[in-house]
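# Analysis of the macromolecular model
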Amino acid sequence: GDSVTQMEGPVTLSEEAFLTINCTYTATGYPSLFWYVQYPGEGLQLLLKATKADDKGSNKGFEATYRKETTSFHLEKGSVQVSDSAVYFCALSATQGGSEKLVFGKGTKLTVNP
Amino acid sequence: SQTIHQWPATLVQPVGSPLSLECTVEGTSNPNLYWYRQAAGRGLQLLFYSVGIGQISSEVPQNLSASRPQDRQFILSSKKLLLSDSGFYLCAWSAWPSEQYFGPGTRLTVT
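Because the structure is a prediction, the values reported are computed rather than measured. (Residues numbered from 1 in each chain as written. Chains lettered and ligands numbered in written order. Predicted model: local features only at pLDDT ≥ 70, side-chain atom pairs only at ≥ 80, totals over all residues. Heavy atoms only, no water.)

### Some remarks on the interface of chain B and chain A
You'll often see interface size given as the accessible area lost when the parts meet. Heads up, the condition is: Whether two residues are in contact is decided by their heavy atoms, any of which lying within 4.5 Å being enough. When two parts are brought into contact, each loses some accessible area as probed by a 1.4 Å sphere; the total of that loss over both is the buried area. Any Lys or Arg side-chain nitrogen found within 4 Å of a carboxyl oxygen on Asp or Glu counts as a salt bridge. Going along the chain from the N terminus, every DSSP run of H or I of four or more residues is numbered as a helix, and every run of E of two or more is numbered as a strand.
At the junction of the two partners, chain B supplies 20 residues and chain A supplies 20 residues. Both faces combined, the contact of chain B with chain A buries some 1500 Å², and carbon together with sulfur accounts for 55% of it. Taken together, the connections running from chain B to chain A amount to two salt bridges. With a shortest N-O distance of 2.8 Å, K101 of chain A and E59 of chain B are connected by a salt bridge. Mapped onto the side of chain B that touches chain A, the elements with two or more residues apiece are β4 (32-38), β5 (44-52), β9 (87-94) and β10 (101-102) of chain B. For the side of chain B that touches chain A, the element with the most residues is β5 of chain B, which contributes four residues.

As structure tokens, this is what we get:
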């Protein structure tokens, strides 16, 4: 079945460092891909998305490019801030049983130190 | 704009007690609705989803159940809680097939 694999954390960086969180997927067809962010004690927020190959999603300085040839959707940010500390989830849309659902990775916890 | 509410925000219940968590969505009609559970240090597990009133699909067999009595209301229930039911419960909605929006969550501790 469809699945998402993302790098295991935790990831600890200093402020202004470069961030990469790897995400690869297995899917039949052409799913949409997403990154969600969860701040402590809160629900998930959609960070960015891409709906087809070579699309680049971007938001708040974060970027991810839908790479069909490598089945990847890596999250990057050029200069992280303390406020970026959160758990990041990669997800894909999957059609199962006539309904479309999201399949999530296990999440990567990011801590940014001042 | 659309908003999603969950209550209560936190709940502490003894083993064997009943459970009712509520989720409501405002600003949209006929949304798809979802219940997820997030155990400590783990990812999200889809529990139930609903494409319309009275239409519930279960993803994982367990002692939980879900109901959708109104178009924008989704309820998660249990007759008897287990210790393993502890976790962070998230409700989500989508108007389009793939993009989901999440509520603030309910933290449930079963003692």
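### Section: the sheet that holds strand β3 (residues 19-21) of chain A
Residues and elements named next belong to chain A. Put simply, the rule is: Any two strands with at least two DSSP-identified bridges between them are counted as paired. Under this scheme, a helix contributes an axis fitted over its contacting stretch, all axes are lines through C-alpha atoms, and angles between N-to-C directions fall in the 0 to 180 degree range.
The sheet built from four strands is open, its strands ordered β3-β9-β8-β7 with antiparallel pairing. Looking at which strands have only one partner, the edges of the open sheet turn out to be β3 and β7 (56-59). Ignoring which end each strand starts from, the neighbouring axes of this sheet average 15 degrees apart. As judged from the three bridges shared by strand β8 (residues 62-65) and strand β9 (residues 75-77), these two strands associate in the antiparallel manner. Bridge pairing in β9 places A64 opposite L75.

### Digging into the pairing of strand β1 (residues 3-7) of chain B
Residues and elements named next belong to chain B. Note the threshold: Buried, partly exposed and exposed residues are distinguished by accessible area as a fraction of the type maximum, computed with a 1.4 Å probe on protein chains only: under 20%, between the cut-offs, and over 50%, respectively.
Only one face of β1 is buried: it carries I4 and Q6, and the other face, with T3, H5 and W7, is open. Pairing analysis gives five bridges linking β1 to strand β3 (residues 19-26), with the strands arranged antiparallel. Residue pairing for β3: T3 is matched across the bridge by E26.

### Things to note about the packing of aromatic side chains
Under the convention used in this document: For this analysis, a ring pair means two rings from Phe, Tyr or Trp (six-membered ring only for Trp) whose centres lie within 6.5 Å, classed as stacked if their planes differ by under 30 degrees, edge-to-face if by over 60, and tilted for the remaining angles.
Following the criterion strictly, the structure yields 13 aromatic pairs over all chains and no others. With a centroid separation of 5.4 Å and an interplanar angle of 40 degrees, the aromatic rings of Y36 of chain B and F102 of chain B are classed as tilted. Of this pair, Y36 of chain B sits in strand β4 while F102 of chain B is found in strand β10, placing the two residues 66 residues apart along the sequence. Note on accessibility: Y36 of chain B and F102 of chain B belong to one class, buried. Among the aromatic residues, those joined into a cluster by ring pairs are F34, Y36, F89 and F104 of chain A together with Y34, Y36, Y49 and F102 of chain B.

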